[in-house]
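# Observations on chain architecture
Chain by chain, the residues:
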Amino acid sequence: MRFLGRSWEMREAETTPEALFFERRRLIGFGAGALAAGLLGRAHPARAAAIDGMLPAAPSAAFHAAEALTPEKAVTGYNNFYEFGFSKYVQSASQKLKTSPWTITIDGLVEKPLTLDVDDLLKKVALEERIYRHRCVEAWSMVVPWTGFPLAEIVKLAEPKAEAKYLRMETFLDPKVARSQNAPQYPWPYVEGLTMAEATNELAFLAVGVFGKPMPTQNGAPIRLVVPWKYGFKSAKSIVRFSFVAKRPETFWEALGPDEYGFWANVNPKVAHPRWSQASERRVGPEDSVPTRLFNGYAEQVAGLYKGLEKEALFM
Ligand code: MTE
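Residues numbered from 1 in each chain as written. Predicted model: local features only at pLDDT ≥ 70, side-chain atom pairs only at ≥ 80, totals over all residues. Heavy atoms only, no water.

Each helix and strand counted, the protein chain has 10 helices and 13 strands in total. Evaluated residue by residue, the protein chain yields a buried proportion of 59% over its 316 residues. Considering only residue pairs separated by 6 or more positions, the protein chain has 74% of its internal contacts joining residues 24 or more positions apart. Approximately 13000 Å² of the protein chain is accessible, and the part contributed by carbon and sulfur atoms is 56%. (Helix = DSSP H or I, 4+ residues; strand = E, 2+ residues; numbered from the N terminus. Buried < 20%, exposed > 50% of the residue type's maximum accessible area, 1.4 Å probe, protein only. Contact = heavy atoms within 4.5 Å. Areas by Shrake-Rupley, 256 points an atom, 1.4 Å probe, with all protein chains shown as cover.)

Ordered in space as 3-2-11-6-7, the 5 strands form an open sheet in which the pairing is mixed. On the outer flanks of this sheet lie strand 3 (114-117) and strand 7 (191-195), each paired with one strand and no other. Recorded for the sheet is a direction-independent mean angle of 15° between the axes of neighbouring strands. Here 5 bridges tie strand 6 (residues 166-171) to strand 7, and the two strands are oriented antiparallel to one another. Across the sheet, residue M169 finds its bridge partner in strand 7, namely E192. (Pairing = 2+ DSSP bridges. Axes fitted to C-alpha atoms, helices over the stretch in contact; angles between N-to-C directions.)

Summarising burial for strand 11 (residues 239-245): 5 of the 7 residues are buried, a large majority. In this sheet, strand 11 lies alongside strand 2 (residues 103-108) in parallel orientation, the contact comprising 4 bridges. If you follow I106 over to strand 11, its bridge partner there is F242. Here 6 bridges tie strand 6 to strand 11, and the two strands are oriented antiparallel to one another. Bridge assignment links T171 to a residue of strand 11, and that residue is I239.

Of all residues in the protein chain, 87% attain a pLDDT of 70 or more, and the chain-wide mean is 89. Taken as a whole, residues 1-38 scores under 50 in pLDDT and shows 70 contacts with residues more than four places along the chain or in a different chain. (pLDDT = per-residue confidence, 0-100.)

A few words on the site of the ligand. What surrounds the ligand is a group of 18 residues, the closest being Y82, E83, H134, S235 and K237. With respect to the ligand, the side chain of T171 contributes an N or O atom lying 3.0 Å from a nitrogen atom. Grouping the constituent residues of the shell around the ligand by class yields 8 nonpolar, 7 polar and 3 charged. (Near = heavy atom within 4 Å. Polar contact = N/O pair within 3.5 Å; in protein donor to acceptor, adjacent residues only side chain to side chain. Nonpolar A, V, L, I, M, F, W, Y, C, P; charged D, E, K, R; others polar.)

Within the secondary structure, A164 sits in the loop between helix 7 (152-158) and strand 6. Since its relative accessible area comes to 7%, A164 is described here as buried. In this structure, the C-alpha to C-alpha distance between A164 and L109, residues 55 residues apart in sequence, is 5.6 Å. Not counting residues within four places of it along the chain, the set of residues in contact with A164 comprises L109, M196, F244 and V245.

The full count for this structure, using the stated rule, is 24 aromatic pairs. Aromatic pair Y190 and F252: ring centres 4.8 Å apart, planes at 25°, arrangement stacked. Taken together, the residues Y190 in the loop between strand 6 and strand 7 and F252 in helix 9 (residues 252-256) connect sequence positions 62 residues apart. Taking relative accessible area as the criterion, Y190 reaches 10% and is therefore assigned buried. What makes F252 buried here is its relative accessible area of 3%. Here the aromatic residues Y82, F86, Y186, W188, Y190, F233, F252, W253 and Y261 are joined through ring pairs into a cluster of three or more. Across from the ring centre of F63, 3.9 Å away, lies the NZ or CZ of R130, which sits over that ring. (Phe/Tyr/Trp six-rings, centres within 6.5 Å; stacked < 30°, edge-to-face > 60°. Lys NZ or Arg CZ within 6 Å of the ring centre and 35° of its normal.)

Turning to the pattern of salt bridges, a few remarks are in order. Here the structure, examined in full by the defined rule, presents 19 salt bridges. One salt bridge connects R241 with D107, and the closest N-O pair in it is separated by 2.3 Å. Pair noted here: R241 is in strand 11 and D107 is in strand 2, with a separation of 134 residues, a long-range link. (Salt bridge = Lys/Arg side-chain N within 4 Å of Asp/Glu carboxyl O.)

Residues S100 and P101 are joined by a peptide bond in cis, for which omega reads -5°. The residue P101 is located in the loop between helix 5 (91-94) and strand 2 in this model. Cis geometry marks the peptide bond from W188 to P189, where omega comes out at 0°. Take P189: it is sitting in the loop between strand 6 and strand 7. The phi dihedral of A265 is positive, around 55°, even though this residue is not glycine. Secondary-structure assignment places A265 in the loop between helix 9 and strand 12 (280-283). With a phi close to 55°, N296 is a non-glycine residue in the positive phi region. Considering the arrangement of structural elements, one finds N296 in the loop between strand 13 (288-291) and helix 10 (299-302). Given a relative accessible area of 2%, N296 falls into the buried group.

Right under this line is the structure:
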């Protein structure tokens, strides 16, 4: 497959934070091994059984990018999930994560704090399939059919109090299964956050499947955020906790590199990353170069969220 080829090594080397790059050579070999073992695209059997009968979900009439889908093998075989290694080929290492049962906590400034299994959460919502563009800050992109439900459903369930201004999301923490979580220089667990207006925007989505199948572990099983107008790092994977908070949470990438990665991280072709341009992106699969669009092409849905915030670093 071309997306695994050497031709992109330079590009990735230029665009991936050097600090996260030290394992790359070794892990490319690891990734090839996973391919040979045919592990691509699989969810855990227990996860697949839990969600059996709910997929595939009906396609959303409103949310479908009119672009060719990225090949499934690329979506499930070329990933960022630093908990399992700093290369793109983490599908094999991520299989160690047990994704069923999976407990989710909803807490903080809410009327209805809740702890429940993801499968009980799924009984409370209606699943749909949405096709979204997915733009990584590293200047590659995909077009992905996610299955899930609006993030606003979590807000409805929790009934946040008036003091709640942000939704903080946290990935699992288990250094025994996620070996990179043993690296003390990183602020684990992975944390992301949105304002309440962003969290309740119609585009904000929680995905539990992809290509009509249960979410493979490497894509963030059993449940991950998808906020397509922002750089991909905002879309936290394998979430265990949703907390409604008054103060803006410090995110994983902000804590690591505040000069390069901000809280807002809205896609903008005119605002370069300090080390590379964001004017265009590489479509993984066909490997075409595509012009990047403001808010990743979703300005109509989200530009209004940022009125009055022009002094903020909205695009990093
Ligand atoms: N979530 C966690 N917990 N850990 C990560 O390393 N990487 C982010 C985001 N969510 C990441 C994460 C980045 S940089 C991107 S581009 C997307 O996940 C990649 O999602 P994908 O592998 O499904 O394409």
